Amino acid sequence: EPYIGSLIEISSNYFNDIKYDIVTNKKRVAPSKDPRDYISLSRYWWPDPEVKGGIPYIRHDGKSNPELEEFDYKKITLFENVSTTLGLLYYLTSDEKYAKRLSLILKEFFLDPVTGMNPNMVYAQYVPGMEILRGTGILDARSIVYSLNGALLIEGSPHWSSADKAALQDWVRAFLYWMQYSTQGQLEMKAANNHGLWYDVIRMGFYYFLDDYQKVNQIVKESLFVRLENQQANDGSFPHELTRTLGLSYTTFVLDAFYEAAFIAEKTGIDIWSYTTSGMKSLIKGIEFAHPFFMDPAKWPFE
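Residues numbered from 1 in each chain as written. Predicted model: local features only at pLDDT ≥ 70, side-chain atom pairs only at ≥ 80, totals over all residues. Heavy atoms only, no water.

A.B. asks: Quick rundown of the packing of aromatic side chains? Include the residues and the values.
C.D. replies: Applying the stated criterion to the full structure yields 21 aromatic pairs. Seen in terms of ring centroids, F15 and Y98 are 5.9 Å apart; in terms of plane orientation they differ by 70 degrees. Their pairing is edge-to-face. Residue F15 is located in the loop between α1 (2-11) and β1 (39-41), and its partner Y98 is located in helix α3 (residues 96-111); the two are separated by 83 residues in the primary sequence. Every member of this aromatic cluster is reached through a ring pair, and the members are F79, F109, F110, W171, F175, W178 and F206. Taking the ring centre of W198 as reference, the NZ or CZ of R142 above it sits at 5.4 Å. The residue whose ring lies beneath R244 is Y250, and the NZ or CZ to ring-centre distance is 4.1 Å. (Phe/Tyr/Trp six-rings, centres within 6.5 Å; stacked < 30°, edge-to-face > 60°. Helix = DSSP H or I, 4+ residues; strand = E, 2+ residues; numbered from the N terminus. Lys NZ or Arg CZ within 6 Å of the ring centre and 35° of its normal.)

Dropping the structure here:
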């Protein structure tokens with residue numbers, strides 16, 4: 001009851017005239033000039049103080065640019081929180097007001113012809129002045145996967161019909177097509193660090209929403225397990241993440257990705273928690289490597 005009470009208190013702010021879509025009150029518009037295109041700033045890129053106007057931006061790894069708050073990343077994070085909270089409240093209380101409100105928010109964010117987000121992230125983690133587009137921004141789609149949990153939690157409500165779900169599934173299919181066949185998507189798929197791993201987890205989440213459990217299992221067996229074998233060292237660490245200025249944070253980020261993958265996969269019949277590769281790599285080994293430093297971060301020997 002205290003948990004439900006805290007969720008109800010949080011959700012009270014969501015029952016107002018505020019819209020949680022990509023278009024409303026947009027502060028930064030993508031170079032395409034289409035307000036329906038998602039745009040976020042690449043976190044560690046800052047104006048160059050040696051150049052007039054600061055463009056092109058330069059990178060300071062581990063140091064977040066506060067301009068992030070002016071882009072759609074803030075919007076999509078809030079949308080994720082709204083969707084999750086309202087979905088949980090409907091699931092726990094069966095009160096239709098939560099499903100009704102969430103249904104409206106989901107339609108405004110994904111399906112509305114004026115405010116609905118275009119099914120791509122071409123301008124995610126954009127760097128002002130950079131002449132090429134990168135695939136790294138696909139990481140932002142984590143929030144979309146999480147928000148889809150809200151849609152799943154209100155299934156059965158008269159306010160979220162089978163037609164609504166089908167329309168949202170079509171949006172997800174379009175996003176997946178862009179994600180898998182665009183140049184940016186291909187770049188991210190080949191990433192050897194946490195980006196490639198999250199690319200797989202995001203795809204797993206989307207295919208789970210599409211009820212395509214066979215595809216979820218295929219990603220796990222043909223890609224995720226390969227990444228575990230290739231990205232983890234024999235001591236359970238993830239060397240690509242140890243080179244970062246926030247090595248413990250990025251090690252945690254990788255473990256988080258495997259946790260998310262494990263939660264999805266167990267619903268489709270695969271146990272990632274106890275899996276060990278031919279090279280003796282495993283999620284458990286990664287946890288055992290990181291655990292002592294969670295207990296005493298001062299002992300972390302890397303940056």
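And the narrative resumes.
A.B. asks: Residues and numbers for a nonpolar patch on the surface, please.
C.D. replies: Taken together, the side chains of Y3, Y91 and L92 present a nonpolar region at the surface, about 360 Å² in accessible area. In this structure L92 comes out as partly exposed when scored by relative accessible area, which is 39%. (Patch = residues over 30% accessible without salt bridge, like charges linked within 9 Å, V, L, I, M, F, W, Y side chains within 5 Å. Areas by Shrake-Rupley, 256 points an atom, 1.4 Å probe, with all protein chains shown as cover. Salt bridge = Lys/Arg side-chain N within 4 Å of Asp/Glu carboxyl O. Buried < 20%, exposed > 50% of the residue type's maximum accessible area, 1.4 Å probe, protein only.)

A.B. asks: I'd love a proper account of the nonpolar core, names of residues and values included.
C.D. replies: With 85 residues, the main nonpolar core has M121, F175, F206 and I272 as its most contacted residues. In contact with I272, other than residues within four places in its own chain, are V220, L224, F225, A261, A262, A265 and L283. (Core = buried A, V, L, I, M, F, W, Y, C linked by side-chain atoms within 4.5 Å. Contact = heavy atoms within 4.5 Å.)

A.B. asks: Let's hear about the environment of M121: which residues, and what values?
C.D. replies: By the secondary structure assignment, M121 is in the loop between α3 and β4 (123-126). Through-space distance from the C-alpha of M121 to that of K27 is 17 Å; in sequence the pair is 94 residues apart. What M121 contacts, discounting residues up to four positions off in sequence, is Y38, I76, G137, D140, A141, I144, F175, W178 and Q184.

A.B. asks: With reference to specific residues and values, describe the side chain of T115.
C.D. replies: Note on placement: T115 falls in the loop between α3 and β4. Those residues in contact with T115 that sit more than four places away from it in its chain are D21, I22, V23, E108 and F109.

A.B. asks: Please provide a residue-by-residue account of unusual backbone geometry, values included.
C.D. replies: The omega angle of the peptide bond from I55 to P56 is 5 degrees, so this bond is cis rather than trans. Positioned with a positive phi, N25 is a non-glycine residue whose angle comes to about 55 degrees. Structurally, N25 can be placed in the loop between α1 and β1. The phi torsion at D211 lies on the positive side, around 65 degrees, for a residue other than glycine. Position of D211 among the secondary structure elements: in the loop between α7 (194-209) and α8 (213-231). Looking at D211, the relative accessible area reads 42%, which means it is partly exposed.

A.B. asks: Before we move on, could you go through helix α11 (residues 283-295) and cite the residues and values that matter?
C.D. replies: Each full turn of the α-helix corresponds to 3.6 residues, which orients residues three or four apart in the same direction. For α11, which comprises 13 residues, the first-to-last C-alpha distance of 18 Å matches the rise-based estimate of 18 Å (1.5 Å per residue) to within 8%. At F289, α11 shows its strongest bend, of approximately 30 degrees, with the proline P292 following within four residues. Within the sequence span of α11, burial applies to L283, G286, F289, A290 and F293. Each element contacted by the buried residues of α11 is listed here: α8 and α10 (247-266). (Expected span 1.5 Å × (residues − 1). Bend = angle between axes of the 7 residues up to and from the residue.)

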